[in-house]
Amino acid sequence: MNFFGFILQNRSQVLELTLEHLRLVGFSTLFAMLIGIPLGIVIAHRPRFNKPVLASANIIQTIPSLALFGFLLPVPWLGERADRLAILALTLYALLPIIRNTYTGIRGVDPAIVEAGRGMGLTESQLLFRVELPLAVSVILSGVRVAVVISVGLATIAAAIGAGGLGEFIFRGLAMVDDRVILAGAIPAAILALAADFGVGWLERRLQRR
Amino acid sequence: MELAAASPVIEFRDVAYRVGGTQVLSGLNLQVMKGETLVLLGRSGSGKTTSLKLVNRLLSPTSGEIRVKGVSNAESDVIRLRRGMGYVIQDVGLFPHFSVERNIGLVPKIEGWSEDRVRARVQELLQMVGLPADIASRYPHQLSGGQRQRVGVARALAADPEILLMDEPFGALDAITRDEVQREFLLLQQRLSKTVVFVTHDLREALRLGSRIALMEAGRLVTVLAPAEFLRSTDPLASAYVRAFGEGLGSAANRGTS
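**Concerning the pairing of strand β10 (residues 220-225) of chain B**
Residue and element names in this part refer to chain B. In the sheet, strand β9 (residues 212-217) pairs with β10 via 5 bridges, with the strands oriented antiparallel. Bridge pairing in β10 links I213 to L225. Counting the residues in the hairpin turn of β9 and β10 gives 2 residues, including A218, whose phi is positive at 50°.

**Describing the sheet that holds strand β4 (residues 63-68) of chain B**
Residues and elements named next belong to chain B. Across the sheet, 4 strands lie side by side as β2-β1-β4-β5; this open sheet has antiparallel pairing. With partners counted over all chains shown, the strands left at the sheet margins are β2 (22-32) and β5 (71-72), one partner each. Sheet topology places strand β1 (residues 10-19) next to β2; 7 bridges connect them, and they run antiparallel. Paired with V15 across the strands is L28, a residue of β2. Taken strand by strand, helix α1 (residues 48-55) contacts β1, β2 and β4, and its axis lies near 120° from that of β1.

**Structural notes on the domain arrangement of chain B**
Residues and elements named next belong to chain B. According to the domain assignment, chain B consists of domain 1 (1-84 + 162-258) and domain 2 (97-161). With centres defined by C-alpha atoms, the gap from domain 1 to domain 2 works out at 25 Å. Each partner contributes to the interface: domain 1 provides 18 residues, whereas domain 2 provides 14 residues. Taken over both partners, the interface formed by domain 1 and domain 2 buries close to 1300 Å², and the fraction arising from carbon and sulfur atoms is 62%. Among the residues domain 1 hides against domain 2, the three largest losses belong to R83, L164 and L188. Together they make up 35% of the total. At the boundary of domain 1 and domain 2, one finds 5 salt bridges. Here E184 ties to R150 by a salt bridge, and the two come within 2.9 Å at their closest N and O atoms. Where domain 1 touches domain 2, the interface holds 7 residue pairs in polar contact (both at pLDDT 80 or more). Among the elements that take part in the side of domain 1 that touches domain 2, helix α6 (residues 175-192) stands out by supplying 7 residues, more than any other. A per-class count over the side of domain 1 that touches domain 2 returns 9 nonpolar, 2 polar and 7 charged.

**A look at the side chain of A:E132**
Residues and elements named next belong to chain A. Within the secondary structure, E132 is located in helix α8 (residues 124-155). The side chain of E132 is buried and forms no salt bridge, while R118, the nearest opposite charge, is found at 5.8 Å. Ignoring sequence-local partners within four residues, the contact set of E132 consists of H45, I106, V109, V114 and L127.

**As for a nonpolar patch on the surface**
Residues and elements named next belong to chain A. Residues F27, L30, F31, L34, I35 and L39 make up a contiguous nonpolar surface patch of roughly 520 Å² in combined accessible area. Within the secondary structure, L30 sits in helix α2 (residues 11-45). Classification of L30 by relative accessible area gives partly exposed; the value is 43%.

**Some remarks on the interface of chain B and chain A**
Taken together, the contact pairs 25 residues of chain B with 18 residues of chain A. For the pair chain B and chain A, the summed buried area comes to about 1800 Å², and 66% of that belongs to carbon and sulfur atoms. We note a salt bridge from B:K53 to A:E115, for which the minimum N-O separation is 3.0 Å. Put simply, chain B and chain A have 5 residue pairs in polar contact (both at pLDDT 80 or more) between them. Elements with a minimum of two residues in the side of chain B that touches chain A: α2 (78-83), β6 (85-89) and α3 (100-110) of chain B. For the side of chain B that touches chain A, the element with the highest residue contribution is α3(B), accounting for 5 residues. Residues that form the side of chain B that touches chain A fall into these classes: 14 nonpolar, 5 polar and 6 charged.

**Overview of α6(B)**
Residues and elements named next belong to chain B. Relative to the 26 Å expected for 18 residues at 1.5 Å per residue, α6 spans 25 Å between its end C-alpha atoms, a close match to the ideal helical length. Every buried residue of α6 is accounted for by T177, V181, Q182, F185, L186, L188 and Q189. Contacts from the buried residues of α6 go to β3 (37-41), α4 (115-128), α5 (145-157), β7 (163-167), β8 (195-200) and α7 (203-209). Positioned one or two residues after α6, S193 has a phi angle of 45°, which is positive.

What counts and what doesn't
Residues numbered from 1 in each chain as written. Chains lettered and ligands numbered in written order. Predicted model: local features only at pLDDT ≥ 70, side-chain atom pairs only at ≥ 80, totals over all residues. Heavy atoms only, no water. Pairing = 2+ DSSP bridges. Helix = DSSP H or I, 4+ residues; strand = E, 2+ residues; numbered from the N terminus. Contact = heavy atoms within 4.5 Å. Axes fitted to C-alpha atoms, helices over the stretch in contact; angles between N-to-C directions. Domains from an automatic or database assignment. Buried area = accessible area lost by both parts, 1.4 Å probe. Salt bridge = Lys/Arg side-chain N within 4 Å of Asp/Glu carboxyl O. Polar contact = N/O pair within 3.5 Å; in protein donor to acceptor, adjacent residues only side chain to side chain. Nonpolar A, V, L, I, M, F, W, Y, C, P; charged D, E, K, R; others polar. Buried < 20%, exposed > 50% of the residue type's maximum accessible area, 1.4 Å probe, protein only. Lys, Arg positive; Asp, Glu negative; His and termini not counted. Patch = residues over 30% accessible without salt bridge, like charges linked within 9 Å, V, L, I, M, F, W, Y side chains within 5 Å. Areas by Shrake-Rupley, 256 points an atom, 1.4 Å probe, with all protein chains shown as cover. Expected span 1.5 Å × (residues − 1).

So, in C-alpha cells, the structure goes:
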C-alpha cells in the first residue's frame with residue numbers, strides 16, 4: 001500500500017488530527033496576539049521596558065521545545081490536560097515575533113506624523129488606534145505570520161506529551177519505522193504552514209494600503 | 001470669556017526650558033496679539049521651535065508660564081488647548097493611510113460634527129487653500145509637495161481655530177512653490193485674521209509674512225521688530241541677518257509699511 005492509499009484509508013484520522021493541530025495553533029496564536037500586541041505597544045511607548053521584555057521573549061525562544069514541554073508537565077492545573085500545556089508552550093514561542101514586530105511597527109511610524117497628530121489634539125488612544133496601529137498593521141501581521149508558521153511546526157512536537165495533532169503520525173511512524181505514517185503527519189503539517197503563511201500574507205497585503 | 005482687544009492671545013512669562021544639561025530657552029517674555037502674525041526668526045538651535053511647542057504643550061516649560069487667552073497652559077486641558085490651535089510643521093505629517101478628505105476632516109469628525117458638515121467644511125477649506133475639489137479622495141503620496149503643504153494648512157484650519165502655529169511650514173518647498181504658498185498665506189490671513197506664530201530661519205519669509213519679527217539667538221529673545229524696523233535696525237544681530245540676505249529685502253517687507 002503506497003502513501004496515498006494510506007492517507008485515504010486513514011482519512012478520518014488525518015482530518016481529526018489536522019483539526020486538533022489547527023486548534024493548538026489557533027488558540028496559541030490568538031493568546032500570543034492578545035498578550036504580545038499590547039506588550040509590544042507598551043514597550044514601543046516606554047523604551048525603558050523594551051530591553052527586559054524583548055530579552056525575556058528571546059530567552060523563551062532559546063529553550064528547546066521538547067524541554068519546555070517537559071518543564072511544564074509538573075505544573076498543577078496545566079499538567080492535567082496535555083493540550084492546555086501544549087497551547088501554553090506554543091503561546092510562549094509565538095510571543096517573540098509578535099512582540100518584536102509590534103514594537104518595530106509602531107516605532108517605525110514617522111515621528112512627524114505622530115507629532116502632527118498629537119499637536120492636532122488627538123488623545124493618546126486616538127493616536128494609537130487611528131494612526132499608529134493602522135500604520136503598523138502590516139508589520140505586526142508579518143510577525144503573526146512568522147509566529148503561525150513556527151507554531152505549526154512546533155505543534156507536531158506536542159504529540160510527544162500526548163497533546164495530539166499531526167505529530168501523532170510522525171512519532172508513530174518513527175516508532176514503526178514507516179515513512180508513510182511519518183508523511184501522513186508531515187505533509188498535512190507542511191500544507192497547513194503554507195496555507196497559514198499565504199492566508200496571513202494575503203490579509204497583510206489587503207490591510208497595507210486602504 | 002471676552003477679553004479686551006489689547007490683551008495678548010499668547011503670552012510667554014519669563015519662560016525657561018532646559019533638557020538634560022542644556023539650557024534651550026531662558027528668560028523668554030513675549031506677547032502675541034490677536035490677529036497678528038508673529039514670526040520667530042533664528043538659526044537652528046536658537047529655541048524658536050521649542051518656543052512654538054511650548055504653546056501647544058508638546059513641551060512644558062522648566063520655569064515660567066505660557067498663557068493662552070489669559071489661562072495658564074499648565075492649568076488648561078491639553079486636548080482642548082491643542083484643538084483650539086492649528087498646527088502645521090515642515091514635514092507636514094499628513095496621515096498616509098487617510099485620504100485628503102479624512103486628513104482634513106479628522107478633528108471635526110472626532111469633535112462630533114455630522115458627516116455632511118465635515119464634507120462641506122473640507123470642500124470649503126480646499127477652495128480656501130486653492131486646491132481643486134476632486135483632490136479630496138486622493139492620498140498624500142499622490143500629491144506634490146506644494147499640494148501636501150496646502151492640505152496641511154487646510155487641516156490645521158479645519159475646526160476653525162483662533163490660533164495657528166506654523167513651524168517652517170514652507171521650508172521644504174522649491175522657490176517658486178514657496179513664493180506661491182506665501183502669497184496665498186497672506187491672502188488667507190487677510191481674510192481670516194488668525195493669531196499666527198510662524199517659525200522660520202528665512203529673513204525674506206519673515207519680512208514678507210510677519211506683522212512683527214521676534215529675533216532669537218541661543219535660547220534668548222534678542223529683539224522684536226516690525227519688518228520695516230528690522231531693515232533699519234542697528235542691532236548687530238539683526239543687521240547681520242540683513243547683510244546675509246543681501247539686496248532687495250526692502251521690497252520683501254511689503255506689509256511692514258502698509
